[in-house]
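# Observations on the model geometry
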Amino acid sequence: EVVGKGTEILSKLKPEDTVEIMGPIGNGFDLNLKGKIALVSGGAGIAPMRYLCKKLKGEIDIYAGYRDEVFGIEDLKECAKNIYIATESGREGHKGFVTDNFHPENYDYVISCGPTPMMKVVQKMCKDKTNLYLSLESRMACGVGACTGCSCGNITGRKHVCKDGPVFKGEEVIFND
């Protein structure tokens with residue numbers, strides 16, 4: 001999805017084009033989690049959930065929400081026990097939000113990535129019920145914490161999504177209202 005100058009440039013790349021990247025930076029997912037795990041995504045937040053589903057050793061359920069068109073779940077049936085789809089349009093799965101039929105108390109861990117409004121709801125739903133990890137999405141300019149463009153609220157002060165995250169414990173994140 002083209003949303004700015006950077007994604008416009010990326011959208012014009014051809015399969016044989018070369019791109020230089022820096023990474024990995026920051027803090028990622030704990031791949032040693034075990035037990036019942038819910039992966040809750042919204043839109044492009046499905047991308048890291050694909051990786052997690054294949055790497056985690058627990059019993060995994062995926063909750064994937066989309067506006068209209070479903071993508072990124074084609075090959076996840078091998079690693080997920082259940083896949084729950086929600087589309088706001090009703091085109092596929094549950095008509096509504098991904099959080100409508102999600103019950104965090106059924107899980108040892110919940111990991112979420114997607115739009116901030118969705119993750120705020122997931123955070124409230126999980127409070128005092130289960131362990132939550134949030135993978136924050138943010139525009140990142142420098143990638144090393146110098147510009148503060150990706151700073152987010154945290155119980156210990158402002159943090160940088162690029163170098164301190166993008167994965168944070170759910171109870172540590174403070175979303176702006």
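Attention in this report is confined to the structure presented alongside it.

## Brief notes about the overall build of the chain
- Per the secondary structure count, the chain includes three helices and 10 strands.
- Reading the helices (α) and strands (β) of the chain from amino to carboxyl end gives α-β-α-β-β-β-β-α-β-β-β-β-β.
- Its C-alpha radius of gyration of 16 Å places the chain within 12% of the 16 Å reference for a compact globule of 177 residues.
- For the C-alpha atoms alone, the extent of the chain along its principal axes is close to 40 × 40 × 30 Å.
- Every one of the 177 residues in the chain was classed for burial, and the buried ones make up 38%.
- At a minimum sequence separation of 6, the contacts of the chain that also span at least 24 residues come to 42%.
- Roughly 10500 Å² of accessible area belongs to the chain as shown, and the carbon and sulfur atoms make up 51% of that amount.
- Separation of charge centres in the chain, based on 23 positive and 24 negative side chains, amounts to 3 Å.

## Details of the packing of aromatic side chains
- Enumeration according to the criterion identifies five aromatic pairs in this entry.
- Ring geometry for Tyr63 against Tyr84: centres 4.7 Å apart, planes inclined by 20°, an arrangement best described as stacked. With a gap of 21 residues between them, Tyr63 in strand E2 (residues 59–66) and Tyr84 in strand E3 (residues 82–87) connect regions that are remote in the sequence.
- In this structure Tyr63 comes out as buried when scored by relative accessible area, which is 6%.
- Tyr84 gets classed as partly exposed once you look at its relative accessible area, which sits at 37%.
- Between Tyr66 and Phe71, the ring centres sit 5.0 Å apart and the planes meet at 65°, which makes this aromatic pair edge-to-face.
- With a relative accessible area of 38%, Phe71 lands in the partly exposed category.

## What to know about the pairing of E3
- Relative to E3, E2 runs parallel, the two being bridged by six bridges. Across the sheet, residue Ile62 finds its bridge partner in E3, namely Ile83.
- Two elements, E3 and strand E4 (residues 94–95), share two bridges in a ladder whose sense is parallel. Its bridge partner lying in E4, Thr87 is registered against Lys95.

## Digging into the state of the cysteines
- This structure, assessed with the given rule, holds one disulfide.
- Between the sulfur atoms of Cys53 and its disulfide mate Cys79 the distance is 2.0 Å. Looking down the S-S bond of the Cys53 and Cys79 bridge, the torsion is 115°, so its handedness is right-handed. Highlighted residues: Cys53 in helix H2 (residues 46–55) and Cys79 in the loop between E2 and E3, separated in sequence by 26 residues. No difference in accessibility class separates Cys53 from Cys79, as the two residues are buried.
- In this structure Cys126 is not part of a disulfide, and its nearest cysteine sulfur, from Cys113, lies 14 Å away.
- Left without a disulfide partner, Cys162 is nearest to the cysteine sulfur of Cys150, which lies 3.7 Å away.
- Classification of Cys162 as buried rests on a relative accessible area of 2%.

How each quantity is defined
Residues numbered from 1 in each chain as written. Predicted model: local features only at pLDDT ≥ 70, side-chain atom pairs only at ≥ 80, totals over all residues. Heavy atoms only, no water. Helix = DSSP H or I, 4+ residues; strand = E, 2+ residues; numbered from the N terminus. Rg over C-alpha atoms; globule rule 2.2 N^0.38 Å. Buried < 20%, exposed > 50% of the residue type's maximum accessible area, 1.4 Å probe, protein only. Contact = heavy atoms within 4.5 Å. Areas by Shrake-Rupley, 256 points an atom, 1.4 Å probe, with all protein chains shown as cover. Lys, Arg positive; Asp, Glu negative; His and termini not counted. Charge placed at Lys NZ, Arg CZ, Asp CG, Glu CD. Phe/Tyr/Trp six-rings, centres within 6.5 Å; stacked < 30°, edge-to-face > 60°. Pairing = 2+ DSSP bridges. Disulfide = S-S within 2.5 Å.

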